[in-house]
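Architecture and fold: a report
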Amino acid sequence: MRKTCLIFALSLAAAGSVRGREAQQRPNAPTAQAGPTALVGGTLIDGVGGPPIRNSVVLIRGDRIEKIGVVGSLAVPSGYEQISTDGMTVLPGLWDLHVHLLYGGHPNARYWFETYASQFERVTIPASAEQMLMAGVTSVRDLGAPKEILSVKKRIENGEIPGPTLYVAGPVLVKGGAPSVHLQSVAGPDDARTKTRQLIDAGVDWIKLINAEQWTPEELKAVVTEAHLRGRRVAAHAFTDSEVRLGLAAGVDDFQHLRTQTPEYPADIAASIRERVRTGPPLYWTITAGGNGQLNAAYLASNPEFLDDPANFIGLPKAIADDVRRGIAGRISDVARGTTPGGGAAAGRGRGGQTQEDINAFVKRKVAQIRQLGVEIVFGTDIGSWGEVTGQATWMEADLWVRELGMDPMSVLRKMTLDAARVMGADHDSGSVTEGKYADVIAVRGDPLRHIDVLRDPKLVIKHGRRYK
């Protein structure tokens, strides 16, 4: 083990000498939205779930999809810029419904806040947003950030900076804990209602609460009731069985993460979930299968090459990019030694003494269980947690869903597109390549229905009709 860590440290140091510029590099600037565009020749997977359309033609005018057809039947009108997608698969822009743009990929949250909180609004959140867009993710839900993310959201909407469409929760509601720029503490039901109203008045799209075991049932219910009255939904952690029980009793809409210490949810939780699904409202679960190193820990600890991908550092100043590298390298070393909570599985044992095989089996069983109970699983990565680097987390999560969870690639693509848009109430305008919807379109070389990991390197990224890549 000592020898492995030494070799990795030496390779990291040697690679540093050739990285002086890449953290500053950006893809080509977005093209101006000057005229209509035609994507011609590729295989179209529209996100709805129908059969792929070969030799497709997608006409884009302004920020919308104008018309869809095939070569030979739909002629490209004069005045359209033609972009060849021959040899590619054309898809809707991807969605990721659990991200934390403020982290920049660094695995030590406390250190990150102490060092870079003053740069979140102008540096790290915009950089993470740009990284996601370049990775083909055109819409995201950020579930925990300082209120300044609302300013970043507006700058993206105005076209001042590149980034996906943002749906944000802003500061997370908590009970107790140390003050932080991305947390708001509540004290009693009245205060819970007030804090919820204040967040919604500020412009958040979702409400996020955590550590439910420290709340009273009345406080939890106050948040959910107030949010629903104001047309917002509530997301909550589900790291423990108690959090799930309390969240179900309060009526939260979307659980985040899975508990990996036990192989399945107990009978009383299963019964409560079944009743909730039967009576409504809909119950969602963002499983983040790869987050916190659950299904990715062993791979990431033994294959640190992902550190070298420039996609992880787009928009970050070199000093911060180097700091992120050191943080991830240190976490890899900790994981390899089995000294990191939540990551020891790479060295044979994880939290609670489980092996990586145990954790994999528990995740698979629990995903199958909640799906059997009628819960709609939601695609999200938990970017900002250990191993979820911004430029790669989305395709890696999709790969896990297919390779580890055994899901059909077409179903996964729909979860990443139209189904995600529907969770956010945006499916009338987004989520599929459909006439009249926003032109959020990507193209990749190869066939994601056969090799879903081709999503890792989109060759074309268009958001709202503007080409960014």
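In the block above lies the structure referred to throughout.
None of the values given here were measured: they were computed from a predicted structure.

1. Section: the side chain of histidine 106
The residue histidine 106 is located in the loop between strand 7 (94–99) and helix 2 (109–116) in this model. The exposure class of histidine 106 is buried, given its relative accessible area of 4%. Polar side-chain contacts of histidine 106 include one of 3.0 Å to the backbone nitrogen of asparagine 108. With residues near it in sequence (within four places) discarded, histidine 106 still touches Tyr111, Trp112, Asp323, Val324, Gly327 and Gly384.

2. Let's talk about the layout of surface pockets
Leftover empty space is mapped by rolling, across the atoms, a probe with the size of a water molecule. The volume enclosed by the second largest pocket comes to roughly 360 Å³. Every residue lining the second largest pocket is counted, 19 residues in all, and those nearest its centre are Glu157, Thr165, Tyr438, Lys463 and His464. Elements that contribute at least two residues to the lining of the second largest pocket include exactly helix 4 (149–157) and strand 9 (165–168).

3. Quick notes on the sheet that holds strand 7
Ordered by their spatial adjacency, 3 strands build an open sheet running 7-8-9, and the pairing between neighbours is parallel. A strand with exactly one partner marks an edge of an open sheet, and here the two such strands are strand 7 and strand 9. Across this sheet, the average inter-strand angle for adjacent strands is 15°, counted without regard to direction. In this structure, strand 8 (residues 137–142) lies alongside strand 9, joined through 4 bridges in parallel fashion. Along strand 9, the bridge assignment pairs arginine 141 with tyrosine 167. The strands that helix 3 (residues 120–134) touches are strand 7 and strand 8; relative to strand 8, the one it contacts most, it runs at about 135°.

4. Things to note about empty space enclosed by the protein
Counted according to the given criterion, the structure contains 3 cavities of 30 Å³ or more. By volume, the largest cavity is sized at about 50 Å³. In terms of lining residues, the largest cavity is bounded by Gly104, Gly105, Gln131, Leu307, Asn312, Phe313, Val324, Ile328, Val389 and Thr390. Looking at the lining of the largest cavity residue by residue, the classes come out as 5 nonpolar, 5 polar and no charged.

5. Some details on helix 4
Turning to helix 4, its buried residues are Ile149, Leu150, Val152, Lys153, Arg155 and Ile156. Residues of helix 4 that are buried make contact with helix 3, strand 8, strand 9, helix 5 (189–202) and strand 18 (460–463). Glycine 159 sits one or two positions beyond helix 4 and adopts a positive phi of about 80°.

6. Notes on the packing of helix 5 against helix 6 (residues 217–229)
At a closest axis distance of 8 Å, the pairing of helix 5 and helix 6 adopts a crossing angle of 30°. On the basis of the axis angle, helix 5 is roughly parallel to helix 6. As for the relative orientation of helix 5 and helix 6, their crossing is right-handed in sense. Across from Pro189, Ala192, Arg193, Thr196, Arg197 and Ile200 in helix 5, the residues of helix 6 making contact are Glu218, Glu219, Ala222, Val223, Glu226 and Ala227. Of the residues assigned to the contact of helix 5 with helix 6, the class counts are 6 nonpolar, 1 polar and 5 charged.

7. Things to note about the pattern of salt bridges
Inspection of the entire model under this criterion finds 29 salt bridges. Notably, a salt bridge pairs glutamate 219 with lysine 175, separated by 3.0 Å at the nearest N-O pair. Highlighted residues: glutamate 219 in helix 6 and lysine 175 in the loop between strand 10 (172–174) and strand 11 (183–185), separated in sequence by 44 residues. Overall, glutamate 219 belongs to the buried group, its relative accessible area being 3%. Among the charged side chains, a network of salt bridges with common partners joins Glu376, Arg414, Lys415, Asp419 and Arg422.

8. Some thoughts on the nonpolar core
Within the largest apolar cluster, 103 residues are counted, with the highest numbers of intra-cluster contacts made by Ile207, Trp285, Ile287, Trp401, Leu405 and Leu455. Ranked by residue count, the leading element in this core is helix 3, at 8 residues. Apart from the residues within four sequence positions on either side, leucine 455 is in contact with Leu91, Leu94, Ala135, Trp395, Ala398, Leu413, Met416, Val444 and Pro448.

9. Concerning the sheet that holds strand 3 (residues 56–61)
Spatially, 4 strands are ordered 4-3-1-5 in an open sheet, and the strand pairing comes out mixed. Lying at the two open borders of the sheet, with one neighbouring strand each, are strand 4 (64–70) and strand 5 (81–84). Taken pair by pair, the neighbouring strands of this sheet meet at an average axis angle of 20°, ignoring direction. Note: strand 1 (residues 37–40) against strand 5, 4 bridges, orientation parallel. Across the sheet, alanine 38 pairs through a bridge with glutamine 82, a residue of strand 5.

Here is what the cut-offs are and how they apply
- Residues numbered from 1 in each chain as written.
- Predicted model: local features only at pLDDT ≥ 70, side-chain atom pairs only at ≥ 80, totals over all residues.
- Heavy atoms only, no water.
- Helix = DSSP H or I, 4+ residues; strand = E, 2+ residues; numbered from the N terminus.
- Buried < 20%, exposed > 50% of the residue type's maximum accessible area, 1.4 Å probe, protein only.
- Polar contact = N/O pair within 3.5 Å; in protein donor to acceptor, adjacent residues only side chain to side chain.
- Contact = heavy atoms within 4.5 Å.
- 1 Å grid on protein atoms, 1.4 Å probe; cavity = no way out; pocket = protein on both sides within 12 Å on 5 of 7 lines; lining within 4 Å.
- Points joined across faces, edges and corners; volume = space filled by probe spheres on them.
- Pairing = 2+ DSSP bridges.
- Axes fitted to C-alpha atoms, helices over the stretch in contact; angles between N-to-C directions.
- Nonpolar A, V, L, I, M, F, W, Y, C, P; charged D, E, K, R; others polar.
- Parallel < 35°, antiparallel > 145°, perpendicular 65-115°, else oblique.
- Left-handed = near helix turned anticlockwise from the far one by under 90°.
- Salt bridge = Lys/Arg side-chain N within 4 Å of Asp/Glu carboxyl O.
- Core = buried A, V, L, I, M, F, W, Y, C linked by side-chain atoms within 4.5 Å.

In short, geometric facts, not functional conclusions.
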